[in-house]
Amino acid sequence: MVGAATAAAAVAVAEAPAAEEDAVILENPPALPVAADEAAAAPIDDAPPPPLPESVGGDEPVADPSERFVWLIPALIAAAAIVIVALFGFGFLDGDADPEPTAAPTVEATPTTAAPTTTTPSTTTTTTPSTTTTTTIPAASALPPVGDAISMSSLTLTAGGIGPVGFGQPASDAIGRLVASLGRPEETGIADEALGLCPGADGRFVRWAGLTAVVSGTLEDGTFVGYRYEEEAVPIMHLDFATPSGLRLGDPVSALNEIYSSYQIDYVSDSGSVRFRLSDTEGLLLWGPVSSVEDSGRVEGIHSPDGCAFLG
């Protein structure tokens, strides 16, 4: 009975809108009793749907204001992280009240373009007049000839000089006669022990091809004291000097031994070279290098005794 009554009431309510305008509608109809089983069996789909969002000025729904700035949240977090890192980087949050000051950058000085000045006090040498020696050697072309020319056959190589140009003559006269006889020399220079002068002695030399005339002192005021005559690899001028007995450069050692068989001939080895020494009862006459002591060896030089021995 209760179920039939409930159904009849529901039909009456459903048909109410179709009634005439003068139908009376109860504002607060009394609740109808519903059985507990039917209430529990009511489907969930019968619940009313959630209300739609209201529209403003159209049919489009109005967005929730809280959703407008949701996209700014990651940006704000990133900006805050950057600020914190920057504060740590500059030392504001590292716990030090007074951060260590940054050292000022070093600026290298730009070099100027002024010319450098070189100072060498350790190598400065002071020369006083008492210790300064000025050496002047006339050029080969400046040596003047003196007297008449002497023939080559008369310019023999002896123990006392070159023909009539004897040792002990003033250097200016002796060298002048040789210039007049042989022509302009090739070279002038300083002579020393290597050319037979005494150790520490001051001397000069004048050279023509293979002939070297040795002077003790200067060419203006010195003395003619010796000579050296040797073969040249490339002769510049032809000089054919010989001894009074006829010994010449290039002669075999056998000719040397034969020409001076009545004299004393010694062969001396010195520093890998061999020299002959021709002597008589009064001492050394001539000497010079030879290629070998064998008969096939050649005479490579004819020298006068050293000028130091001549000067005594």
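Rules used throughout
Residues numbered from 1 in each chain as written. Predicted model: local features only at pLDDT ≥ 70, side-chain atom pairs only at ≥ 80, totals over all residues. Heavy atoms only, no water. Helix = DSSP H or I, 4+ residues; strand = E, 2+ residues; numbered from the N terminus. Areas by Shrake-Rupley, 256 points an atom, 1.4 Å probe, with all protein chains shown as cover. Core = buried A, V, L, I, M, F, W, Y, C linked by side-chain atoms within 4.5 Å. Buried < 20%, exposed > 50% of the residue type's maximum accessible area, 1.4 Å probe, protein only. Contact = heavy atoms within 4.5 Å. Polar contact = N/O pair within 3.5 Å; in protein donor to acceptor, adjacent residues only side chain to side chain.

## Here we look at the overall build of the chain
- Helix and strand content of the chain: 6 helices and 11 strands.
- Accessible surface, the chain as shown: approximately 21500 Å² in total, 58% of it carbon and sulfur.

## Side note on the nonpolar core
- Judged by nonpolar contacts, the single largest core of 39 residues is most densely connected at Ile 162, Ile 175, Trp 208, Leu 211, Leu 239 and Phe 241.
- For this core, the secondary structure elements donating two or more residues are helix 4 (171–182), strand 5 (203–208), strand 6 (211–216), strand 7 (223–230), helix 5 (253–259), strand 9 (273–280) and strand 10 (283–290).
- Looking at which element gives the most residues to this core, the answer is helix 4, with 6 residues.
- In this structure, Ala 191, Leu 195, Leu 197 and Val 214 belong to the second largest nonpolar core, which totals 6 residues.

## Describing the environment of Thr 212
- Along the chain, Thr 212 falls in strand 6.
- By relative accessible area, which is 5% here, Thr 212 ends up buried.
- A C-alpha to C-alpha distance of 9.0 Å links Thr 212 and Leu 195, two positions 17 residues apart in sequence.
- Ignoring sequence-local partners within four residues, the contact set of Thr 212 consists of Leu 195, Phe 205, Val 206, Arg 207, Gly 226, Tyr 227 and Arg 228.

## Some details on the side chain of Arg 204
- Examined against the element boundaries, Arg 204 turns out to sit in strand 5.
- By relative accessible area, which is 4% here, Arg 204 ends up buried.
- At 2.7 Å, the side chain of Arg 204 and the side chain of Asp 202 are in polar contact.

None of the figures reported here should be taken as evidence of function without further support.
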